[in-house]
Amino acid sequence: MNSTEIRVRFAPSPTGPLHIGGVRTALYNYLFARKHNGKIILRIEDTDQTRFVPGSEKYIIESLNWCGIEFDEGVHLGGPFGPYRQSERTAIYRQYVAILLENNYAYYAFDTAEELEAKRKEAEELKAPPFQYDNKTRGNLRNSLSLPKNEVKKLLEAGTSYVVRIKIPENEIVVLHDLIRGVVEVDSNLLDDKVLFKSDGLPTYHLANVVDDYLMKISHVIRGEEWLPSAPLHVLLYRYLGWEDVMPQFSHLPLLLKPDGKGKLSKRDGDRLGFPVFPLQWKDPVSNEISSGYRESGYLPEAFINMLAMLGWNPGTEQEIFSMNELIDAFSIERVSKSGAKYDSDKAKWYNHKYIQTKPDEELFTLLQPYISEKEDLKVDENIFLKILPHIKERANLIPDLLVQSEYFFVRPKRYDEQLIKKRWKPETIPALLEIIPLIENCTNPEANELSLLIKSYIENNQLNMGSVMLPLRIALVGSATGPDLFFIMEILGIKESVERIRNVIAFVEQ
Ligand code: GLU
């Protein structure tokens with residue numbers, strides 16, 4: 001491996017299902033890696049045991065797989081820089097904490113949770129700025145900077161619980177070059193002395209993340225905007241560990257925003273407005289609550305990915321439809337926008353609609369199977385379905401729409417649109433339907449054109465109103481006023497079944 005190789009990572013924490021914002025982060029990392037012939041790594045950041053949710057790692061891998069985001073190394077693939085799960089790397093982090101402590105870039109802090117809580121309360125009561133463990137307060141707290149050396153030694157020997165905190169320098173402007181945001185400068189006096197190593201013997205995200213990015217030779221860190229406030233701390237860690245010259249380049253991606261109003265897109269927005277915020281369906285292991293997924297809702301991964309790619313990035317042209325390979329060709333980090341991208345569920349459906357139109361019919365039939373099996377007793381003949389598909393595809397945004405649009409070909413209407421019957425049923429309707437029955441029964445070549453000629457000339461010859469016959473016929477066959485050409489429906493159903501349905505609607509109206 002040469003040192004200029006592009007290596008990126010997607011580093012989710014297994015704290016639940018992967019939000020679509022996370023999928024987009026993975027996607028941009030993937031596009032960037034492939035574009036530059038680099039490598040992409042999947043690393044699981046599971047150092048926060050309190051937030052661990054069983055099943056999420058498997059979910060994350062399955063989701064990324066469904067999306068077609070392929071990795072070169074990772075927790076599921078192995079590779080030369082493993083292990084790729086942070087909980088299996090604890091011994092590694094300990095070494096680096098020791099180095100930081102030795103060089104006085106970090107210190108032991110013995111303050112108990114209660115003591116810190118009291119400080120917070122005190123600040124609140126005094127209406128002072130919120131309490132922060134930092135270069136102004138650390139002198140008055142219980143740590144290895146403020147306590148005499150021998151007392152620190154005693155505390156450590158007695159096995160007193162401690163955390164290790166970074167010693168943030170005073171009065172320094174920490175500078176960060178972000179590929180999306182340009183130069184970001186932060187006054188070190190505003191930063192707090194974050195915990196690097198916890199009392200449970202595990203590192204925090206900050207330390208583990210920097211150590212692993214270094215050891216895994218990550219060249220570019222592409223992650224969500226929510227990590228921008230942590231980036232100056234990470235810059236300092238690279239410096240303190242002597243890795244400044246190999247520090248990755250940072251890119252902080254814009255947030256995905258609610259479709260309405262301000263703020264980050266949340267699961268609640270999805271529930272409220274009726275769209276999934278997770279790639280796959282997720283069952284919460286504790287509450288058993290089910291959250292919907294794009295896959296189960298009938299989105300195609302290609303459409304989902306195309307839609308996500310455009311949320312926060314644009315190619316600089318009018319082109320909207322991109323295959324994964326086209327995205328790889330067109331992608332550049334510089335064209336990722338700084339400002340948040342509003343999620344648009346109509347646009348998501350629009351993409352899916354477009355991709356359904358170009359999917360081979362046989363594949364659509366296969367994709368429809370789970371929805372067919374959900375319906376008891378529904379048998380869908382493949383040959384018939386493939387004949388129908390070109391006539392209904394245009395009406396489908398989601399895969400199950402294909403079934404909604406074709407179900408009446410396979411089962412008789414269970415309900416009729418009664419409003420419409422009331423409005424459109426004329427005194428001449430039933431007599432006309434009764435006369436049409438023998439006409440079509442005697443038709444020797446019952447295909448759509450022939451049936452159309454036959455019925456239309458019957459209506460004209462009897463000076464009937466088209467609407468008072470054709471619409472009732474449609475209601476008889478379909479149950480409602482929807483569907484493709486009526487005579488095509490009749491041809492597919494066959495005369496026997498069509499006649500049966502006409503008799504049924506007459507019986508229904510007459511009862
Ligand atoms: N584990 C962090 C997360 O869950 C990763 C942040 C990063 O990419 O540095 O988002």
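Residues numbered from 1 in each chain as written. Predicted model: local features only at pLDDT ≥ 70, side-chain atom pairs only at ≥ 80, totals over all residues. Heavy atoms only, no water.

S.K.: I'd like a description of the side chain of Ser498, backed by residues and values.
M.R.: When you line up the elements, Ser498 lands in helix H21 (residues 495–510). Contact partners of Ser498, with chain neighbours within four places excluded, come to Leu477, Met490 and Leu493. (Helix = DSSP H or I, 4+ residues; strand = E, 2+ residues; numbered from the N terminus. Contact = heavy atoms within 4.5 Å.)

S.K.: Mind laying out the site of the ligand, listing which residues take part and the relevant values?
M.R.: Around the ligand, the structure places Arg9, Ala11, Pro12, Ser13, Glu45, Tyr205, Asn209, Arg223 and Trp227. Between the ligand and Ala11, the relevant distance is 2.8 Å, taken from a nitrogen atom to a main-chain nitrogen or oxygen of the residue. Here Asn209 contributes a side-chain N or O atom positioned 3.0 Å from an oxygen atom of the ligand. A total of 300 Å² of accessible area belongs to the ligand in isolation, and the protein chains cover 83% of it. Comparing atom positions with the cavity grids shows the ligand to sit within the largest pocket. Split by residue class, the shell around the ligand holds four nonpolar, two polar and three charged. (Near = heavy atom within 4 Å. Polar contact = N/O pair within 3.5 Å; in protein donor to acceptor, adjacent residues only side chain to side chain. Areas by Shrake-Rupley, 256 points an atom, 1.4 Å probe, with all protein chains shown as cover. 1 Å grid on protein atoms, 1.4 Å probe; cavity = no way out; pocket = protein on both sides within 12 Å on 5 of 7 lines; lining within 4 Å. Sits in = over half its atoms within 2 Å of the grid points. Nonpolar A, V, L, I, M, F, W, Y, C, P; charged D, E, K, R; others polar.)

S.K.: Account for the sheet that holds strand S5 (residues 163–166), with residues named and values stated.
M.R.: The strand order across the open sheet formed by three strands is S4-S5-S8, and the pairing between neighbours is antiparallel. On the outer flanks of this sheet lie strand S4 (106–109) and strand S8 (195–197), each paired with one strand and no other. Taken over all neighbouring pairs, the strand axes of this sheet differ in orientation by 45° on average, direction set aside. Bridge count between S4 and S5: four bridges; the pairing is antiparallel. Note that in S5 the partner of Ala106 across the bridge is Ile166. (Pairing = 2+ DSSP bridges. Axes fitted to C-alpha atoms, helices over the stretch in contact; angles between N-to-C directions.)

S.K.: Give me the layout of surface pockets: which residues, what numbers.
M.R.: Of the volumes computed, that of the largest pocket is approximately 1000 Å³. Lining the largest pocket are 40 residues, and of these Pro12, Ser13, Thr15, Glu226 and Trp227 lie nearest its centre. Those elements giving two or more residues to the lining of the largest pocket turn out to be strand S1 (7–10), helix H1 (20–35), helix H6 (205–215) and strand S9 (220–224). The greatest single-element share of the lining of the largest pocket, amounting to four residues, is contributed by H1. Split by residue class, the lining of the largest pocket holds 17 nonpolar, twelve polar and eleven charged. Approximately 410 Å³ is the volume attributed to the second largest pocket. Together, 16 residues line the second largest pocket, and Glu407, Tyr408, Pro413, Arg415 and Val478 are the ones closest to its centre. (Points joined across faces, edges and corners; volume = space filled by probe spheres on them.)

S.K.: How would you sum up the packing of helix H17 (residues 429–441) against H21? Please name residues and give values.
M.R.: A packed helix pair is summarised by two numbers, namely the angle formed by the two axes and the spacing between the axes. Remark: H17 packs on H21, axes separated minimally by 10 Å, with the N-to-C direction vectors making an angle of 165°. With respect to H21, the axis of H17 lies roughly antiparallel. For the crossing formed where H17 meets H21, the hand is left-handed. Along its contact with H17, which presents Ile430, Leu433, Leu434, Ile437, Ile440 and Glu441, the element H21 presents Ile495, Val499, Ile502, Arg503, Val505, Ile506, Val509 and Glu510. (Parallel < 35°, antiparallel > 145°, perpendicular 65-115°, else oblique. Left-handed = near helix turned anticlockwise from the far one by under 90°.)

S.K.: Could you give me a rundown of the packing of aromatic side chains, with the residues and numbers involved?
M.R.: Each aromatic ring pair is characterised by the separation of its centres together with the angle its planes make. Within the structure shown, the criterion is met by 22 aromatic pairs. An angle of 75° between the planes, with centres 6.4 Å apart, marks the rings of Phe110 and Tyr162 as edge-to-face. On the criterion of sequence distance, the pair formed by Phe110 in the loop between S4 and helix H4 (113–125) and Tyr162 in the loop between helix H5 (149–157) and S5 is long-range, its members being 52 residues apart. A relative accessible area of 2% places Phe110 in the buried class. An angle of 80° between the planes, with centres 5.0 Å apart, marks the rings of Trp350 and Tyr351 as edge-to-face. A relative accessible area of 2% means that Tyr351 is categorised as buried. Chaining the aromatic ring pairs together yields one cluster made of Tyr28, Trp313, Phe322 and Phe331. Across the ring face of Tyr133, the terminal group of Arg165 is positioned such that the distance to the ring centre comes to 3.8 Å. In this structure, Lys347 packs its charged tip against the face of Trp350, placed 4.2 Å from the ring centre. (Phe/Tyr/Trp six-rings, centres within 6.5 Å; stacked < 30°, edge-to-face > 60°. Buried < 20%, exposed > 50% of the residue type's maximum accessible area, 1.4 Å probe, protein only. Lys NZ or Arg CZ within 6 Å of the ring centre and 35° of its normal.)

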